[in-house]
Amino acid sequence: NSFVTRTNTCGELRSAHVGQKVALYGWVQYQRQGQFLVLRDFQGLTQIIIPQDEAHSHVKELLSNVPVESVVRVTGIVSPRPLGQENPKMPTGDIEVRAETAEILNSCKKLPFEIKDFVKKSEALRMQYRYLDLRSSQLQSNLRLRSRMVMRMREYLCNLHGFVDVETPTLFKRTPGGAKEFLVPSREAGKFYSLPQSPQQFKQLLMVGGLDRYFQVARCYRDEGSRPDRQPEFTQIDIEMSFVDQAGIQRLVEGLLQHSWPQERPLITTPFPSMTYEVALAEYGTDKPDTRFGMKIMDISDVLRGSDIHFVQNALSYPHGSIRAICIPQGLRYLTNKDLESLKESAKSQFKQEIVEIIRRPDGSLKSLLTKFLGEKEQSELIQALNMQEDDVVLLAAGEHKQVCSALGTLRLLSASLLEAAGLALRDPTAFHFLWVVDFPLFLPKAKNPTELESAHHPFTAPHPSDATLLYSDPTKVRSQHYDLVLNGIEVGGGSIRIHSAEQQRFVLEKVLKEDSEVLSHLIEALEFGAPPHGGIALGLDRLISLIVDAPSIRDVIAFPKSFRGRDLMGNAPDYVTPEELEPYHIQVSWPLEEKEAKKN
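About the criteria used
Residues numbered from 1 in each chain as written. Predicted model: local features only at pLDDT ≥ 70, side-chain atom pairs only at ≥ 80, totals over all residues. Heavy atoms only, no water. Patch = residues over 30% accessible without salt bridge, like charges linked within 9 Å, V, L, I, M, F, W, Y side chains within 5 Å. Areas by Shrake-Rupley, 256 points an atom, 1.4 Å probe, with all protein chains shown as cover. Salt bridge = Lys/Arg side-chain N within 4 Å of Asp/Glu carboxyl O. Helix = DSSP H or I, 4+ residues; strand = E, 2+ residues; numbered from the N terminus. Axes fitted to C-alpha atoms, helices over the stretch in contact; angles between N-to-C directions. Parallel < 35°, antiparallel > 145°, perpendicular 65-115°, else oblique. Left-handed = near helix turned anticlockwise from the far one by under 90°. Contact = heavy atoms within 4.5 Å. 1 Å grid on protein atoms, 1.4 Å probe; cavity = no way out; pocket = protein on both sides within 12 Å on 5 of 7 lines; lining within 4 Å. Points joined across faces, edges and corners; volume = space filled by probe spheres on them. Nonpolar A, V, L, I, M, F, W, Y, C, P; charged D, E, K, R; others polar. Domains from an automatic or database assignment. Pairing = 2+ DSSP bridges. Phe/Tyr/Trp six-rings, centres within 6.5 Å; stacked < 30°, edge-to-face > 60°. Buried < 20%, exposed > 50% of the residue type's maximum accessible area, 1.4 Å probe, protein only.

The name given to the protein in an unreviewed UniProt entry is SYDM protein, with the source organism recorded as Edolisoma coerulescens.

Attention now moves to a nonpolar patch on the surface. On the surface, Tyr131, Phe560 and Met570 cluster together into a nonpolar patch covering about 300 Å² of accessible area. Looking at the secondary structure, you find Phe560 in the loop between α17 (541-548) and α18 (579-582).

Moving on, we get to the packing of helix α4 (residues 137-161) against α17. Where α4 meets α17, the axes come as close as 11 Å, and the angle between the chain directions of the two elements is 120°. Looking at the two axes, α4 sits oblique to α17. Crossing handedness for the pair α4 and α17: right-handed. Facing α4, whose interface residues are Asn142, Leu145, Arg146, Met149, Val150 and Met153, α17 presents Leu541, Asp542, Leu544, Ile545 and Ile548.

One number sums up the size of the second largest pocket: a volume of about 660 Å³. Taken together, 20 residues form the lining of the second largest pocket, with Tyr277, Glu278, Lys402, Leu444 and Thr476 sitting closest to its centre. Elements supplying a minimum of two residues to the lining of the second largest pocket: α7 (277-284), α13 (401-421) and β18 (443-445). Along the lines of polarity and charge, the residues of the lining of the second largest pocket split into 10 nonpolar, four polar and six charged. Residues from two domains meet in the lining of the second largest pocket; each of domain 2 (139-274 + 433-556) and domain 3 (293-422) gives at least three.

Where strand β3 (residues 44-49) meets strand β5 (residues 95-106), two bridges bridge the pair, whose relative direction is parallel. Note on β5: the bridge partner recorded for Ile49 is Arg98.

Read across the open sheet, the five strands follow the order β12-β13-β16-β14-β15; overall the sheet is antiparallel. Every other strand in the sheet has two partners, leaving β12 (298-299) and β15 (366-367) as the edge strands with one partner each. Bridge count for strand β14 (residues 356-360) against strand β16 (residues 393-400) is four bridges, and the pairing is antiparallel. The residue of β16 that forms the bridge with Val356 is Leu396.

The next thing to look at is the side chain of Gln504. Mapped onto the elements, Gln504 comes out in helix α15 (residues 502-512). In contact with Gln504, other than residues within four places in its own chain, are Pro463, Leu471, Tyr472 and Ile499.

A few words now on the packing of aromatic side chains. What the rule picks out here adds up to 10 aromatic pairs. Ring geometry for Phe172 versus Phe202: centroids 4.5 Å apart, planes at 55°, classification tilted. On the criterion of sequence distance, the pair formed by Phe172 in the loop between β6 (164-165) and β7 (183-185) and Phe202 in helix α5 (residues 200-208) is long-range, its members being 30 residues apart. Of the two residues, Phe172 and Phe202, both sit in the buried class. Measuring from ring centre to ring centre gives 4.5 Å for Phe272 and Phe434, while their planes differ by 10°; the resulting arrangement is stacked. Highlighted residues: Phe272 in the loop between α6 (246-260) and β11 (274-276) and Phe434 in strand β17 (residues 434-438), separated in sequence by 162 residues. Of the two residues examined, Phe272 and Phe434, each falls in the buried class.

A full pass over the atoms with the stated rule returns 37 salt bridges. Linking Arg154 and Asp165 is a salt bridge whose minimum nitrogen-to-oxygen distance equals 2.4 Å. In this pair, Arg154 sits in helix α4 while Asp165 sits in strand β6, placing the two residues 11 residues apart along the sequence. A salt bridge links Arg479 to Asp439; the shortest N-O distance between them is 3.6 Å. Placement of Arg479 in the loop between α14 (470-473) and β20 (482-487) and of Asp439 in the loop between β17 and β18 is noted, with a sequence separation of 40 residues between them.

Printed below as a string of structure tokens:
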């Protein structure tokens, strides 16, 4: 209450304050029949008793008729609530304030929606009136938790470990590869700035500049539309260090998260487990495994290798062919035929992958299209290999290794959601399972042209020391020194040890990626002036906080987010500008025909 004219907040009064005269400021949560109202501020609620005596008739009239969500000032005496009328659900539930004076500081007009967490509101309406949505206790709680975590992160990095907080430019130039960047026109004809998708180049240049340890709560931009876990502008905890290896970065981040972790959440233990990219793909079908539950993908190629099943033999005849399966526990009991068909259809539509189901009946026998091709011994081996219990359902896929694993990885997650919807507890919503995923490939074939390569992450990632010579002979086999941090199946961070040799950086850009290295000449030249070995990481702050508070979208942990389509519905941005405003930037807008007609009318 320093610097302000209130004596207390609406959430702090207790029995110890009884008899004190207080001045409270806040919003009217609700008012009941001219008897009392509840006043709310950022910290909580206080019940205000409206005086009924003639001497305070003006106070009664004012507080009995004040619209909900109006801002008022109330002074009065703290009193104990009558016996039996205490409210144990409210921290201030043992007291009430008997109003003596009141003033409406600002009246509220008719609301577009009620300011209550349990009232359903459309996403568009919430975005349009975001300043009202921010009054909800859930958003208030989310933003305050976020603020506390960021402060603790600063404390850990800057005060305890000597990091330097540096602000890097927002206006820069286009970076080859990666996500699409927003362009910003300049007054030089035909020349544009780009908004950086991350401070990647700057933090590397800071290491060349000898700062040794850099940190920033960085604003980043990507022009690729919004998804539940993406925004066109977002925030990273950005970190870079000199003379560090992969293990050093991992230890730093584990300590950072442990130090800043909210006290009201279950404790996290370190070190976090680690898994290679190959194992993640083989056992979970993704490089972002959710390790809160089992149902791992199992290789049953050897079990079925001697069978007469045509599609099995066909798959195994290819160099990377395999037969894999997931076992859905109690699937027969919890999943309907419609559920199983939808799972098979998902594999077919997303991955062009056929799925065969195997059911273990309550009597222990198997039901499947495959059983007629399998003898009793082979069926028994299959049951044992898959650890099938009665009522379990197995989904089997045959084909190219990566495609099979990716399809089964998706079905694993879909099956888990179906089981939970049917009442089987599978993933603990209060658990936080962190995981490091390491040893990614350095390059991947381009989706549109598989004969060409692109960086699996970005072109500044250093090759794995064991694979350094392969970079020049067979780059497709090179592992990278990249590492991702995954939480409950969601990527919350990624980083790498960087290339610090100008020669190697130029080779990667020009010979492997076939990119014009001239656009990065400033970075390559910097690497020639005694660049130290360095590496770093960026943690997605919005995504991390949304997982900690169990928010359905990162929009629920950002004060003023963009809509699903990347628009600001409150301020109506982006918006049109006049030709006169565009003239200094040498830009003319070419309107689609239908928009031309609409503007005329």
